[in-house]
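# Descriptive analysis of the structure
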Amino acid sequence: MKHRLIPALALALCLAACSTGTGAATGADGSPEELRIGYQLIPNGDLIVKDQRWLESALPNTKISWIKFDSGGDVNTAMVAGSIDIGLAGSSPVTRGLSAPLNIPYQVPWIFDVIGENEALVARQAGSVAELKGRKIATPFSSTSHYSLLAALQEAGLSESDVTVVDLEPPDIQAAWTRGDIDAAYVWTPVLGELRKSGKVLVTSKELAAKGKLTADLAVVRTQFATSYPQALRTWLTQQDRAVKLVRTDKRAAAAAVGRQLNLSPDEAAGQIDELILLDAKEQAGPAYLGTPDKPGALAENLRSAAEFLKAQHKLPEVPALEVYQKGLDTKDLRDAVAG
C-alpha cells in the first residue's frame with residue numbers, strides 16, 4: 001500500500017541534483033495538460049475514482065495518467081524527481097518527507113484512510129509479539145507498517161535488535177512467506193489477506209492506534225502544482241469526497257469498483273474496505289484531522305509524534321517543530337472544495 005523510502009542521504013542529494021519538475025503545461029482553459037497520479041492498490045476511494053474515470057470526466061481537457069507504486073517511499077522519490085503531481089503515501093514516509101533533510105516540497109490535502117485492521121503483524125508459530133524474539137520479521141522499511149512494527153515490538157518489551165527485521169516490498173513478503181524464509185510480517189492488504197490464511201494475527205494497526213500510534217494513508221500534492229492549478233486540485237478533492245460518499249450510500253457499487261482494481265470479488269473487496277476508516281471532506285476539515293487554515297488539525301500533531309518515534313529509532317536526525325507539519329497540511333484547498 002504505501003511506503004518505501006530511499007535512504008535519506010541519497011534522497012537529500014537527489015533534491016539538489018535531480019530535476020524537481022516544472023509541472024504540467026497549462027491548457028487553453030487554464031487547466032493542466034496532464035495530471036500525473038501515483039496510486040497504490042489500497043481498497044479506499046482512490047481506486048473508485050480511478051475505476052469510474054471520474055477525473056477523466058471532470059477534467060476533459062486534462063490527460064489523467066495513473067502510475068502504480070508499491071510503497072510511499074517510491075512516491076517520495078517520484079515527488080522529488082517531479083514525475084508525479086499527486087500521490088498516496090503512508091503517514092510515516094510523509095513524516096519523513098516533510099522533515100529535514102528531505103524537505104520535499106509537497107503538502108497533504110486529503111486523508112485517503114485511517115489505517116485499521118488492514119495492516120497487521122502476522123506470524124507462523126507465535127502466540128504473542130513477545131514470542132517473536134530471535135525471529136525474522138519482514139516489512140517494507142520506512143512504511144506505516146514498519147512504524148507500527150517497531151511500535152508493537154516496543155509495546156511488547158522488545159527492541160529492534162531482539163529480532164531480525166528484513167526490508168521487503170509486499171509482493172516479496174508474500175513470496176518469502178510461501179517459501180518459509182520469514183517467521184512473521186507486518187504488511188497491508190491484499191498481501192495481508194494471503195498471510196492470514198496460514199498465519200495468526202498478533203496485533204493490528206487499529207489496536208496500536210488505540211494506544212496512540214495512529215497511522216494513515218495520505219495524499220501528497222506538489223506545492224508547485226497546487227499553486228499553479230488550484231481548481232484542478234479542488235476537482236480532484238471533490239471526486240475523492242464523492243468516492244467516500246459512494247461507499248456510504250452504495251456499498252455494493254463501491255465494492256465492485258474496488259474489486260475490479262484489486263482483482264477481487266465484490267464481497268472480498270467489501271471486507272477489505274471495512275477494515276479502513278474512510279472520512280468525507282467535512283470530517284477531514286474537523287479539528288481531529290486536517291482542520292482549517294486558521295486552526296490546523298491534530299494530524300499535524302500526529303505527524304510530529306511519528307517524527308519523535310522515528311528520531312528515537314534513529315530514522316530521523318532531528319524532530320522538527322510542530323509548525324513544520326502544520327504548514328504541511330493543505331487545509332485551504334480542502335476548505336474551498338467543501339465550500340464549493
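Predicted, not measured: the structure shown is a model, and the values here were computed from it. (Residues numbered from 1 in each chain as written. Predicted model: local features only at pLDDT ≥ 70, side-chain atom pairs only at ≥ 80, totals over all residues. Heavy atoms only, no water.)

## Things to note about the overall build of the chain
- Helix and strand counts for the chain come out as 17 helices and ten strands.
- Considering only intrachain contacts with a sequence separation of at least 6, the fraction spanning at least 24 residues in the chain is 78%.
- Within the structure as shown, the chain displays about 13,500 Å² of accessible surface, and the carbon and sulfur contribution to it stands at 50%.
- Across the chain, 35 positive and 40 negative side-chain charges occur, with their mean positions spaced 1 Å apart. (Helix = DSSP H or I, 4+ residues; strand = E, 2+ residues; numbered from the N terminus. Contact = heavy atoms within 4.5 Å. Areas by Shrake-Rupley, 256 points an atom, 1.4 Å probe, with all protein chains shown as cover. Lys, Arg positive; Asp, Glu negative; His and termini not counted. Charge placed at Lys NZ, Arg CZ, Asp CG, Glu CD.)

## Things to note about the sheet that holds strand β3 (residues 86-90)
- Read from one edge of the open sheet, five strands run β2-β1-β3-β10-β4, paired in mixed fashion. The sheet is open, and its two borders are formed by β2 (63-68) and β4 (106-114), each paired with just one other strand. Ignoring strand direction, the axes of neighbouring strands in this sheet form an average angle of 25°.
- The sheet contact formed by β4 and strand β10 (residues 216-222) spans six bridges and is antiparallel. Residue pairing for β10: D113 is matched across the bridge by D217. (Pairing = 2+ DSSP bridges. Axes fitted to C-alpha atoms, helices over the stretch in contact; angles between N-to-C directions.)

## Section: the packing of helix α2 (residues 45-52) against helix α12 (residues 251-262)
- Contact pair α2 / α12: the axes reach a minimum separation of 8 Å and the direction vectors enclose 85°. When the axis of α2 is compared with that of α12, the two are roughly perpendicular. Every residue of α12 that contacts α2 at L47, I48, K50, D51 and Q52 is listed here: A254, A257, V258, R260, Q261 and L262.
- In terms of residue class, the contact of α2 with α12 is built from six nonpolar, two polar and three charged. (Parallel < 35°, antiparallel > 145°, perpendicular 65-115°, else oblique. Nonpolar A, V, L, I, M, F, W, Y, C, P; charged D, E, K, R; others polar.)

## Comments concerning the packing of helix α11 (residues 230-249) against α12
- Packing of α11 against α12 brings their axes to within 5 Å, and their N-to-C directions diverge by 125°. On the basis of their axis angle, the class for α11 and α12 is oblique. Counted together, L246, V247 and T249 of α11 and K251, A253 and A254 of α12 form the full contact between these two elements.
- Within the contact of α11 with α12, the residues separate by chemical class into four nonpolar, one polar and one charged.

## Examining helix α7 (residues 170-179)
- Those residues of α7 that fall on the buried side of the exposure criterion are P170, I173, A176 and W177. Looking down the long axis of α7, one finds its buried residues gathered within 115° of arc, a one-sided arrangement. In α7, those exposed residues whose orientation departs by more than 90 degrees from the buried face are T178 and R179.
- Where α7 is buried, its residues touch β5 (119-123), β6 (136-139), β8 (184-188) and α8 (191-196).
- Following α7 by one or two positions, G180 adopts a phi angle in the positive range, close to 85°. (Buried < 20%, exposed > 50% of the residue type's maximum accessible area, 1.4 Å probe, protein only. Arc of directions from axis to C-beta.)

## A look at the sheet that holds β8
- Taken together, five strands build an open sheet; the order of strands is β7-β6-β8-β5-β9 and the sheet is mixed. In the strand order of this sheet, the two ends are held by β7 (164-167) and β9 (200-204), each with one partner. Taking the axes of each pair of neighbouring strands and ignoring which way they run, one obtains an average angle of 25° across the sheet.
- Taken strand by strand, α7 contacts β5, β6 and β8, and its axis lies near 145° from that of β8.

## Some remarks on the pattern of salt bridges
- All told, the structure shown has 19 salt bridges when counted by the stated rule.
- Where R234 meets D336, a salt bridge forms, and the shortest distance between an N and an O atom there is 3.1 Å. Separated by 102 residues along the polypeptide, R234 in helix α11 and D336 in helix α17 (residues 331-339) bring together distant segments of the chain.
- Between E323 and K327 there is a salt bridge; the shortest N-O distance is 3.3 Å. Residue E323 and its partner K327 are both found in helix α16 (residues 322-327); the two are separated by four residues, about one turn of the helix.
- Here E323 falls in the partly exposed class, since its relative accessible area comes to 44%.
- The exposure class of K327 is exposed, given its relative accessible area of 57%. (Salt bridge = Lys/Arg side-chain N within 4 Å of Asp/Glu carboxyl O.)

## Comments concerning the packing of aromatic side chains
- Under the defined criterion, the tally for this structure stands at four aromatic pairs.
- Centroid distance F112 to W236: 5.9 Å. Interplanar angle 85°. Geometry classified as edge-to-face. Placement of F112 in strand β4 and of W236 in helix α11 is noted, with a sequence separation of 124 residues between them.
- Of the residues examined, F112 reaches a relative accessible area of 3% and is grouped as buried.
- On the basis of an interplanar angle of 50° and a centroid distance of 5.1 Å, the ring pair of F225 and Y229 is categorised as tilted.
- F225 gets classed as buried once you look at its relative accessible area, which sits at 2%.
- One cation-aromatic arrangement involves R124 over W177; the distance from NZ or CZ to the ring centre is 4.2 Å.
- K315 extends its terminal NZ or CZ atom over the ring of F141, reaching a point 6.0 Å from the ring centre. (Phe/Tyr/Trp six-rings, centres within 6.5 Å; stacked < 30°, edge-to-face > 60°. Lys NZ or Arg CZ within 6 Å of the ring centre and 35° of its normal.)

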